[in-house]
Amino acid sequence: MEVQTKSMDLLVDEVKENVVNWRRHLHEHPELSFEEVNTSNFVYDVLKSFGTIELSRPTKTSVVGRIIGSRPGKVLAIRADMDALPIHEEVESEFSSVNPGVMHACGHDGHTAMLLGAASVFSQLKNEIQGEIRFLFQHGEELFPGGAEEMVAAGVMDGVDTVIGAHLWAPLEIGKIGIVYGAMMAAPDTFTITVKGKGGHAALPHQTVDSIAVASQVVTNLQHIVSRNTDPLDQLVLSVTKFIGGTTHNVIPGSVDIMGTVRSFDASLRESVPATMERVIKGITEAHGAGYEFGYEFGYRPVINDEQVTAVMEETVQELYGEEAVDRMKPNMGGEDFSAFQQKAAGAFIYIGAGNEEKEAVYPHHHAKFSIDEDALEKGVRIFAHAAVKLLNS
């Protein structure tokens, strides 16, 4: 692959204004997971306008673009997610969401725009490409079972040697690129519990089985699974995030509903958690004469970055922006279905710093006031472009 770095950088410079405009259009018109009809149509039309990209729709609301070079070689896939969140936006701008209760509060609009930018660059370098580049525009990242699994099942990763992706990251300041070797993001599992007691008058608690009192002990004792049943060197999070019971001040409810999440990296630890949880739940409810229902759903696999592909990504960042731009980050317990693509090919996922206090890009992901520094978009396009050349040549 004999792409001239200078000409590629000029193409990135030429497309960066379009990338910002694409991101703003997508931000203004967000769509929820598995409902990205207009979003995917927009992506399809933009890719079609480049003229040199083969297009397909592997699922109802996803898009794949392929650039097959003039000479045979490796196959590289680059992924971006497109879905928004059920959040009402509280940021006032010319491109604020026009869809009430729906917002791009995680940066997926920027991910899509960056990948469109990379596709634009390589659409003009098709004759210099040795091998193939696939641009995976994925639906439904925010909602399990996730769009990645569907796309993999539809064959988008068949024959792919390497896959890369990036996440705009507001906690990381603009100009920094987060690199993580090995385990990067955890497996996000979910659970539901119903504690079944016996309802009655709050003034006569002895005639009831107080589901709130029992459920409170369940919540407290579930925390012992991490603090007292798990090796301190293993990484495990168990968070109760929903507790619903009762309707008024003088009635003890008959049942309480609990929901939460478990995050882990180790496969054997992950498999053991449901049985440990149920032992705790069963013991507490039986001790107080209550019953229970317990449900557990395994979510996405953990994101585990390939060492060699990650090294190429880090080398790319150093060459473009210097060693000081690299932030060797620790793993975090967030989840990402990029892991589905990594089951089919060696892959690496990176963070692109998008936080900037001066531009009020300081709010966390999934916040109603979330925003990014749009200067990060150009960095994402440039990193994708240069890393792609390296990976196809490696």
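The present account deals with the structure reproduced in this document. Because the structure is a prediction, the values reported are computed rather than measured. (Residues numbered from 1 in each chain as written. Predicted model: local features only at pLDDT ≥ 70, side-chain atom pairs only at ≥ 80, totals over all residues. Heavy atoms only, no water.)

## Details of the pattern of salt bridges
Rules: Any carboxyl oxygen of Asp or Glu that lies within 4 Å of a side-chain nitrogen of Lys or Arg is treated as forming a salt bridge with it. Each helix corresponds to a stretch of at least 4 residues labelled H or I by DSSP, and each strand to a stretch of at least 2 residues labelled E; elements are numbered beginning at the N terminus. Remark: exposure states derive from per-residue accessible area (1.4 Å probe, protein chains only) relative to the maximum for the residue type, with buried under 20%, exposed over 50%, and partly exposed in between.
As enumerated under the stated definition, the model contains 19 salt bridges in all. For R382, the salt bridge goes to D9, with nearest N and O atoms at 2.9 Å. Of the two residues, R382 is situated in helix α10 (residues 375-393) and D9 in helix α1 (residues 5-28); the sequence distance between them amounts to 373 residues. The salt bridge involving D189 is made with R270; its shortest N-O contact spans 2.7 Å. Of this pair, D189 sits in strand β8 (residues 187-196) while R270 is found in helix α7 (residues 267-287), placing the two residues 81 residues apart along the sequence. Take D189 and R270: they sit in the same class, and that class is buried. One network of salt bridges, in which partners are shared, links D9, D13, E378 and R382.

## Topic: the pairing of strand β4 (residues 130-138)
Cut-off, in case you're wondering: Paired strands, in this sense, are two strands between which DSSP finds at least two bridges.
The buried fraction of β4 amounts to 8 of the 9 residues, a majority that puts the element mostly inside the structure. As defined by bridge partners, strand β2 (residues 63-68) adjoins β4 across 6 bridges and the pair is classed as antiparallel. Across the sheet, I68 pairs through a bridge with E132, a residue of β4. Pairing of strand β3 (residues 71-81) with β4 involves 8 bridges; the strand directions are parallel. Each bridged residue has a counterpart across the sheet, and for I78 the counterpart in β4 is F135.

## Overview of the sheet that holds β8
Worth spelling out the cut-off: Note on geometry: axes are C-alpha line fits, over the in-contact stretch for helices, and angles between N-to-C directions span 0 to 180 degrees.
Within the open sheet, the 4 strands sit side by side as β10-β12-β8-β13. Their pairing is antiparallel. Looking at the sheet topology across the chains shown, the edges are occupied by β10 (236-244) and β13 (291-297). Geometrically, the sheet is characterised by an average inter-axis angle of 20° between neighbouring strands, direction not taken into account. Of the strand pairs in this sheet, β10 and strand β12 (residues 255-264) are connected by 8 bridges, and their pairing is antiparallel. Counterpart to I244 in the pairing with β12 is D257.

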